[in-house]
Amino acid sequence: MAVIGQDISKAKRVLDAGELVAIPTETVYGLAGNALNPVAVASIFETKNRPSFDPLIIHVPSLSEAENYVTDIPTSLRKLAEHFWPGPLTLLLPRKSNIPDIVTSGLDRVAVRVPDHPLTLELLAQLDFPLAAPSANPFGYISPTSPKHVDAQLGDKISYILDGGKCKVGLESTIVGMEEDEIVVYRLGGLDISEIESIVGKVTVKSHSSSNPQAPGLLESHYAPTKPFILGDLNEMITDYQERKVDFAVLSLSQSFPSISLPQQIALSPSADLKEAATHLFAAMRTLDESNAVVILAELMPEEGLGKAINDRLKRASTKG
Ligand code: TXA
Ligand code: MG
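Thresholds, definitions, all that
Residues numbered from 1 in each chain as written. Chains lettered and ligands numbered in written order. Predicted model: local features only at pLDDT ≥ 70, side-chain atom pairs only at ≥ 80, totals over all residues. Heavy atoms only, no water. Helix = DSSP H or I, 4+ residues; strand = E, 2+ residues; numbered from the N terminus. Buried < 20%, exposed > 50% of the residue type's maximum accessible area, 1.4 Å probe, protein only. Lys, Arg positive; Asp, Glu negative; His and termini not counted. Salt bridge = Lys/Arg side-chain N within 4 Å of Asp/Glu carboxyl O. Contact = heavy atoms within 4.5 Å. Pairing = 2+ DSSP bridges. Axes fitted to C-alpha atoms, helices over the stretch in contact; angles between N-to-C directions. 1 Å grid on protein atoms, 1.4 Å probe; cavity = no way out; pocket = protein on both sides within 12 Å on 5 of 7 lines; lining within 4 Å. Points joined across faces, edges and corners; volume = space filled by probe spheres on them. Nonpolar A, V, L, I, M, F, W, Y, C, P; charged D, E, K, R; others polar. Parallel < 35°, antiparallel > 145°, perpendicular 65-115°, else oblique. Left-handed = near helix turned anticlockwise from the far one by under 90°. Phe/Tyr/Trp six-rings, centres within 6.5 Å; stacked < 30°, edge-to-face > 60°. Lys NZ or Arg CZ within 6 Å of the ring centre and 35° of its normal.

*Asks:* Can you break down the side chain of Asp192 residue by residue, with the values?
*Replies:* In this fold, Asp192 is placed in the loop between strand S10 (182–187) and helix H8 (193–200). The charged side chain of Asp192 is buried without a salt bridge, its nearest counter-charge being Lys308 at 5.9 Å. With residues near it in sequence (within four places) discarded, Asp192 still touches Gly305 and Leu306.

What follows is the structure, given as structure tokens:
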């Protein structure tokens, strides 16, 4: 298992040596390596078992540092960065040649963000390079929102996990770029679209499920538990599975079900607050995946605020067929 601690100098030593460290952010934990070192970046792909056509986000301590790795920041994206960095916003920007091909899978744009976590910001400020960091989970599985989640799955492959506690947002960053003069959202995430639109006006959302690797982070099956994960009307499904005598678990927004034993049901937010629900989503999916149930039943959230991003994750996690 990995060592879990809060020693920034130790994290720096490991990263300076070209090795990987799991880092806390406000969204999810990242599996970080030196973004300017193609060998370190290759080991990120290997450790996650991630296909190399899926590019990585680079993490920098500030907007001014970001300028070292991109040739241009269009005015409206700059406005977003000024408003929301540090925060759950990733910008796709034309890359400079100092960013290795392996980071972007050869694409012309590099994904950049300033994460909002004091330990990681301090670490980034001490490093001479940006950190390439995908979510610190094996490819296709649920993203980690605590050091324990990282340790359970990648602990035998990495030496150090920087412990920043539980992630306060709980959903990956919202990914935004430009096409001609249009602002495009490629991945729904922890920054709500309405907040983006309050700064730059109407945006286009292109975050549909796809097997096209050009579309960021959007491989159709993703964030998936190992057990069948079925979306639908909870009351109907519960009746059905009780009749079939199948041992199931239930993930709801706020409802509780007296007939189901507690370890096998989780309400994401008793007050139906979608921000709170987002914070708990991935941990709840893991808990139910580790329960005795053989199938997980879940419901979609209202399509408002972070509900849209939560629904995106629920749909990608769901078992098709
Ligand atoms: O909140 C987050 O964004 C977390 C934390 C650790 O920062 N990171 C994260 O990384 O979610 P990852 O690799 O799990 O998802 C990033 C997605 C990738 O699936 C990739 O398709 C997309 O961003 N992406 C990265 N670079 C891109 C690029 N140059 N062009 C298009 N899409 C890109
Ligand atoms: Mg991921």
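*Asks:* Outline the sheet that holds S10, supporting the account with residue identities and numerical values.
*Replies:* Read across the sheet, 11 strands follow the order S1-S8-S2-S3-S7-S4-S6-S5-S9-S10-S11 without closing on themselves; strand pairing throughout is mixed. For this open sheet the edge positions go to strand S1 (3–5) and strand S11 (204–205), each flanked by a neighbour on one side alone. Two elements, strand S3 (residues 30–34) and strand S7 (residues 131–132), share 2 bridges in a ladder whose sense is antiparallel. If you follow Asn34 over to S7, its bridge partner there is Leu131. Sheet strands in contact with helix H4 (residues 75–84) are strand S5 (89–94), strand S9 (174–179) and S10, and its direction is about 150° off that of S5.

*Asks:* Which residues make up the layout of surface pockets, and what values go with them?
*Replies:* Of the voids in this model, the second largest pocket is the one considered here, and its volume is about 310 Å³. Top contributing element to the lining of the second largest pocket by residue count: helix H10 (residues 274–289), with 6 residues. By residue class, the composition of the lining of the second largest pocket is 7 nonpolar, 6 polar and 4 charged.

*Asks:* Explain empty space enclosed by the protein residue by residue, including any values.
*Replies:* Tallied over the entire structure, the rule returns 1 cavity of 30 Å³ or more. The space that makes up the largest cavity amounts to roughly 40 Å³. For the largest cavity, the full set of lining residues is Leu188, Gly189, Leu191, Asp192, Ile193, Gly305, Leu306, Lys308 and Ala309. Residue classes in the lining of the largest cavity are distributed as 5 nonpolar, 2 polar and 2 charged.

*Asks:* Quick rundown of the pattern of salt bridges? Include the residues and the values.
*Replies:* Taken as a whole and judged by the stated rule, the model has 12 salt bridges. Among the ionic pairs, Asp101 bridges to Arg95, the shortest N-O distance being 2.8 Å. Residue classification places Arg95 among the buried positions, given a relative accessible area of 17%. As a salt-bridge pair, Glu172 and Arg313 come within 2.9 Å of each other at their nearest N and O atoms. Within this pair, whereas Glu172 is found in the loop between strand S8 (160–162) and S9, its partner Arg313 is found in helix H11 (residues 307–317), the two being separated by 141 residues in sequence. Taken as a pair, Glu172 and Arg313 share a single burial class, namely buried.

*Asks:* Which residues make up the packing of helix H1 (residues 8–16) against helix H6 (residues 118–126), and what values do they have?
*Replies:* Remark: H1 packs on H6, axes separated minimally by 10 Å, with the N-to-C direction vectors making an angle of 50°. Relative to H6, the element H1 is oriented oblique. Between H1 and H6 the crossing geometry is right-handed. Side by side, H1 and H6 meet where Ile8, Ala11, Lys12 and Leu15 of the first sit next to Leu119, Glu122, Leu123 and Gln126 of the second. Across the contact of H1 with H6, the residue classes break down as 5 nonpolar, 1 polar and 2 charged.

*Asks:* Can you lay out the packing of aromatic side chains for me, pointing to particular residues and giving the numbers?
*Replies:* Per the stated rule, a full pass over the model turns up 2 aromatic pairs. The ring of Tyr241 carries the charged tip of Arg244 above its face, separated from the ring centre by 4.5 Å.

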